[in-house]
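The primary structure of each chain is shown beneath.
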Amino acid sequence: MDKPTAEKDWYNYWLRHKLFAADPNSAKKPYSILMPPPNVNGELHLGHAMQQSIMDALARFKRMQGFDVLLLPGVDHAGIIFESTFNKELAKKGLSKQKLGHEEWLKQAWQFKEEVYHSFHQTWDFLGISADWDKEVFTLDPPVQKAVFEEFKSFWEQDLLYKGAYIVQWCPKDGTAIEDVEMEYEQKKEKLYFVKYQISDQPTEFITVATARPETIFADVAIAVYPNHPQYKKYLGQKAINPLTGNEIPIIEDKRVQEDFGTGALKITPGHDPLDFAIGQDNNLPILHAVDKTGRMTELTEDLSGLKIEEARQLTIQKLGPAVEKVEDYTHAVPVCERCKTVIEPLISEEWFVKMQPIAQKALSKLSQINFLPKNYQKILATWMKEIHDWSISRNLWWGHRIPVWYCQTCNPTHQVGKDKDMVVALSTPEQTCQTCGQTVWVQEEAVLDTWFSSGLWPLATLGWPEKTQQLSKYFPWDFELTAPEIKYLWIARQIMIAIWFTEQIPFKNMFFHGTLRDIHGQKFSKSLGNGISPYNLVQKWDVDPTRMALFSYSAPGRDARTSQQLMDERCKNYRNFATKLKNIYRFIYELKPAEALFESDFSHDEDIEIIQHLNGLIDQVTNHLENYQLHLATESLYDFIWHKLADSYLELSKKRRTDAQPCLEYIFTTCLKLLHPFMPFTSEDLWHQVYPQAKSIIQEDWPESLKQENLPFTHKI
RNA sequence: GGAUCCGUGGCUCAGUGGUAGAGCGCUUCGUUCACAUCGAAGAAGUCGAAGGUUCAAUUCCUUCCGGAUCCACCA
């Protein structure tokens, strides 16, 4: 045999014997678990370690129950977050996107991706994750690319895609539109300026407007007041004069203007504010820009052109002069980019959108078929789907699936989109000629797709969709998916909507939301705060199985937990002691086995009956807790039984009748090893082979079943 | 502004319609042959507050206080 000599080497043994491989041809019933692909960015943190240990425990449990288990691993290319991390790396070397150029940048990006990939695999290895590595998927792999293309093409053909001038949240630093969900809000102290707009032809009449962004006044196209404004309603239909440009702008009313904020009058700047954009659309107002995509002032602002916003704001105030009626201190939530913390500029940009209404509607009808844990997430997701907004899917990045749209350079140089325009939806350069000019010069859309456009397809793309593969028919819908609650909309909702849209089926039967591990103050672990706890260090210090057990103890569904290096150490130490206890129990039972021990017993002694009954209870509890994804309860039951019932109690009693008790001791111990295997794979496997030197892997053992009451007493031979 | 979650011994967390649990920490004792990475014994909580439902509530409902998270166009 090629068995390892050290406990930690069992992982390679399992790999060599392909014990993690799923087999689509197997007659066994399938059980499929889809790994949420971590972002190829930085290292895997403690939260990942918990998440993946949970999946691994389930996979090992289901294998022992006799299922053909597929635990499918993968990694996400993570558009914006990868690109910004990589660009920071480049900056350290004095390089940048611009300096490298598109082709070279991509080449180096892929190299960087490989480095991160390598560190991911190291973490998975030392945690003992039993995934089917031959089936690993990266979201930019060619098969995924095909699936993403199919998704895009299908949406296009069904008229669910459009491209248009639209207000987007623009990050000037990343140079791309970002989604609402990628923004954070920071409380900032700013000034609120009250600016007077003179009524046209009435030099003594004014409407006063409150604004925190006077520099955008250049792009004002109207003044809106709330309906029946007592002071200002008389001006409706008249014009006001833009105090900076002198242009005449209409005065309108709109119920979306807040009665109790500022003066009840709102300057309408559709180019720089989402609400203004909406009001502008409804009133057919033009769109002007005072700020461009790099966060600098446009030509519209004349001599301020080219300045940064902050500088321009001060100069604008000077220009306004007496038009500024008063200034108040104003603290409000300013949207910033979640990743680089740059203040977001709402801007008009040409972006691609998916019409989500019909897709969400369809999903809503089947949402109840998914078993959510905790249960209330069904309602939370349903509410979101009912109020769904269109999905902005284009990103001005280089890292991602480039939008598979080609424009005829001759007939459609401005990249207009429409069924009758000179454009083609195709994965690679179209070979056809342009219908209008007969030429074949095609230019691809510059932008890439939002990361979640491919991640949303994850449950399908990983199984070869749109091909009708054997894997797809066997393992889809997935039995189990899990993730952190914070990406319930970004990822989970979209997977559900997309899968149901394309297959009429839910993507997964059980959806488990684990809590988030936080630091002792309740804050998320993050690189910038430097409050992370390295799973690698814990494993070095306390070994794998104790670390896994400590993580399970924090894994109650939906519950966030606070922890620290010290608290993790405490819990790990506890389970390290537990592992030691287990080894000592082994020594007592097997190494100090009495020569005259019985080889068979009917467990008729009162003490045997009692412990066997406890063991039966334990088997039922652990099984049920695993079936219900309550891993923290399963480990607690095991800990209690093995330490207190078995070691402290029965084992002590057995010393008085050792020869008689030996078969019972062995039966209980080996059963416990099997029950422990999902949680403590290395320790259980190692002790299993010490007990049975000739045995196969414990992975291939059957999951224990409790002995029914009517079967007791029964005879056990050792 | 809307929604959700949490508030249990010193700390971090389980749990439950019917005398409160774990780990760590703390106190006392113990190195006899599985284990001092241990064992035995113990102190410690009116289960955030107030109402309500119930024979019975820490557990269900309402309100409030405190903490957190998510969503949202407040200029």
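All of these numbers come straight from a predicted model, not from anything done at the bench.

**Structural notes on the environment of Y13**
Here's step 1: Note on placement: Y13 falls in helix α1 (residues 10-16).
Here's step 2: The class of Y13 is buried, set by a relative accessible area of 3%.
Here's step 3: Sequence separation between Y13 and H605 is 592 residues; the distance between their C-alpha atoms is 40 Å.

**Here we look at the nonpolar core**
Here's step 1: Of all hydrophobic cores here, the largest spans 113 residues; its most connected members are I668 and F679.
Here's step 2: Look past the residues within four positions of I668 in its chain and what remains in contact with it is I611, I612, L615, F641 and L646.
Here's step 3: Grouped together as the second largest cluster of nonpolar side chains are 66 residues, W352, A360, W391 and F476 included.

**Brief notes about the pattern of salt bridges**
Here's step 1: Evaluation of the coordinates by the stated rule reveals 29 salt bridges.
Here's step 2: A salt bridge links R213 to E345, with the nearest nitrogen and oxygen atoms 2.8 Å apart. Note that R213 is positioned in the loop between β8 (202-211) and β9 (222-225) and E345 in strand β14 (residues 345-354), a separation of 132 residues in sequence.
Here's step 3: Residue classification places R213 among the buried positions, given a relative accessible area of 19%.
Here's step 4: E345 sits in the buried class, given a relative accessible area of 4%.
Here's step 5: The partner of K645 in a salt bridge is D640, and the shortest N-O contact between them spans 3.3 Å.
Here's step 6: The exposure class of K645 is partly exposed, given its relative accessible area of 28%.
Here's step 7: Looking at D640, the relative accessible area reads 33%, which means it is partly exposed.
Here's step 8: Taken together, the salt bridges that share partners define one network made up of R213, E215, R313 and E345.

**Side note on empty space enclosed by the protein**
Here's step 1: On inspection of all chains with the given rule, the structure shows 1 cavity of 30 Å³ or more.
Here's step 2: In this structure, the largest cavity spans a volume of roughly 30 Å³.
Here's step 3: For the largest cavity, the full set of lining residues is E7, K8, D543, V544, D545 and F682.

**What to know about the sheet that holds strand β23 (residues 508-513)**
Here's step 1: Strand order in this open sheet of 5 strands is β2-β1-β22-β23-β15, and the pairing throughout is parallel. Where the open sheet ends on each side, the last strands, each with one partner, are β2 (68-72) and β15 (371-373). With strand direction ignored, the average angle separating the axes of adjacent strands in the sheet is 15 degrees.
Here's step 2: In this sheet, β2 lies alongside strand β1 (residues 30-34) in parallel orientation, the contact comprising 5 bridges. From the neighbouring strand, S32 faces β2, where its bridge partner is L70.

**What about the pairing of strand β11 (residues 248-253)?**
Here's step 1: Where β9 lies against β11, 3 bridges are found, and the strand directions are parallel. Bridge pairing links A224 to I252 in β11.
Here's step 2: Where strand β10 (residues 239-241) folds back onto β11 in an antiparallel hairpin, the turn is made up of 6 residues, including G246, whose phi is positive at roughly 80 degrees.

**Focus: the protein's contact with RNA strand B**
Here's step 1: Near RNA strand B, the surroundings consist of 46 residues, among which Y330, H332, R562, T580 and W643 are the closest.
Here's step 2: A share of 72% is what sugar and phosphate atoms reach among the atoms of RNA strand B within 4 Å of the protein.
Here's step 3: Separating a base nitrogen of RNA strand B from a backbone N or O atom of A647 is a distance of 3.2 Å.
Here's step 4: At 3.1 Å from a base nitrogen of RNA strand B is found a side-chain nitrogen or oxygen belonging to E652.
Here's step 5: Elements that contribute at least two residues to the surface near RNA strand B include exactly β13 (324-337), α13 (488-503), β25 (561-562), α16 (565-591) and α18 (631-654).
Here's step 6: At 13 residues, the largest contribution of residues to the surface near RNA strand B is made by α16.
Here's step 7: The class makeup of the residues in the surface near RNA strand B is 22 nonpolar, 8 polar and 16 charged.

**Things to note about the layout of surface pockets**
Here's step 1: In this structure, the second largest pocket spans a volume of roughly 1300 Å³.
Here's step 2: Along the walls of the second largest pocket sit 46 residues, with A212, R213, H272, D273 and H332 positioned nearest its centre.
Here's step 3: Of the residues in the lining of the second largest pocket, the class split is 20 nonpolar, 13 polar and 13 charged.

**So, the sheet that holds strand β20 (residues 442-444)**
Here's step 1: Strand order in the open sheet made by the 3 strands is β19-β18-β20, with antiparallel pairing throughout. Every other strand in the sheet has two partners, leaving β19 (423-425) and β20 as the edge strands with one partner each. The mean angle between the axes of side-by-side strands here comes to 30 degrees, regardless of whether they run parallel or antiparallel.
Here's step 2: Where strand β18 (residues 405-408) lies against β19, 3 bridges are found, and the strand directions are antiparallel. Each bridged residue has a counterpart across the sheet, and for V405 the counterpart in β19 is V425.

**Regarding the side chain of E481**
Here's step 1: Mapped onto the secondary structure, E481 falls in strand β22 (residues 478-483).
Here's step 2: The side chain of E481 is buried and forms no salt bridge, while K509, the nearest opposite charge, is found at 14 Å.
Here's step 3: What E481 contacts, discounting residues up to four positions off in sequence, is L34, M35, P36, W491, Q495, F508, N510, M511 and F512.

**What to know about α16**
Here's step 1: Its 27 residues give α16 an end-to-end C-alpha distance of 37 Å, which sits within 8% of 39 Å, the value for a rise of 1.5 Å per residue.
Here's step 2: Along α16, the residues that are buried comprise M568, D569, C572, Y575, F578, A579, L582, I585, Y586, F588, I589 and Y590.

**Observations regarding the confidence of the model for chain A**
Here's step 1: Mean pLDDT for chain A: 86, with 95% of residues reaching 70 or above.
Here's step 2: The ipTM assigned to the predicted complex is 0.91, against a pTM of 0.85.

**Topic: the side chain of S32**
Here's step 1: The topology assignment puts S32 in strand β1.
Here's step 2: S32 sits in the buried class, given a relative accessible area of 1%.
Here's step 3: When near neighbours in sequence (up to four residues on either side) are disregarded, S32 contacts L70, Y475, P477, W478, D479 and F480.

**Let's talk about the packing of aromatic side chains**
Here's step 1: One pass over the structure, following the stated rule, counts 42 aromatic pairs.
Here's step 2: Through a chain of ring-to-ring contacts, three or more aromatic side chains come together here, namely F82, F86, W105, W110, F112, Y117, F138, W398 and W399.
Here's step 3: In this structure, K326 packs its charged tip against the face of F194, placed 4.5 Å from the ring centre.
Here's step 4: Sitting over the face of the ring of F588, R658 holds its NZ or CZ atom 4.2 Å from the ring centroid.

Thresholds applied
Residues numbered from 1 in each chain as written. Chains lettered and ligands numbered in written order. Predicted model: local features only at pLDDT ≥ 70, side-chain atom pairs only at ≥ 80, totals over all residues. Heavy atoms only, no water. Helix = DSSP H or I, 4+ residues; strand = E, 2+ residues; numbered from the N terminus. Buried < 20%, exposed > 50% of the residue type's maximum accessible area, 1.4 Å probe, protein only. Core = buried A, V, L, I, M, F, W, Y, C linked by side-chain atoms within 4.5 Å. Contact = heavy atoms within 4.5 Å. Salt bridge = Lys/Arg side-chain N within 4 Å of Asp/Glu carboxyl O. 1 Å grid on protein atoms, 1.4 Å probe; cavity = no way out; pocket = protein on both sides within 12 Å on 5 of 7 lines; lining within 4 Å. Points joined across faces, edges and corners; volume = space filled by probe spheres on them. Pairing = 2+ DSSP bridges. Axes fitted to C-alpha atoms, helices over the stretch in contact; angles between N-to-C directions. Near = heavy atom within 4 Å. Polar contact = N/O pair within 3.5 Å; in protein donor to acceptor, adjacent residues only side chain to side chain. Nonpolar A, V, L, I, M, F, W, Y, C, P; charged D, E, K, R; others polar. Lys, Arg positive; Asp, Glu negative; His and termini not counted. Expected span 1.5 Å × (residues − 1). pLDDT = per-residue confidence, 0-100. Phe/Tyr/Trp six-rings, centres within 6.5 Å; stacked < 30°, edge-to-face > 60°. Lys NZ or Arg CZ within 6 Å of the ring centre and 35° of its normal.

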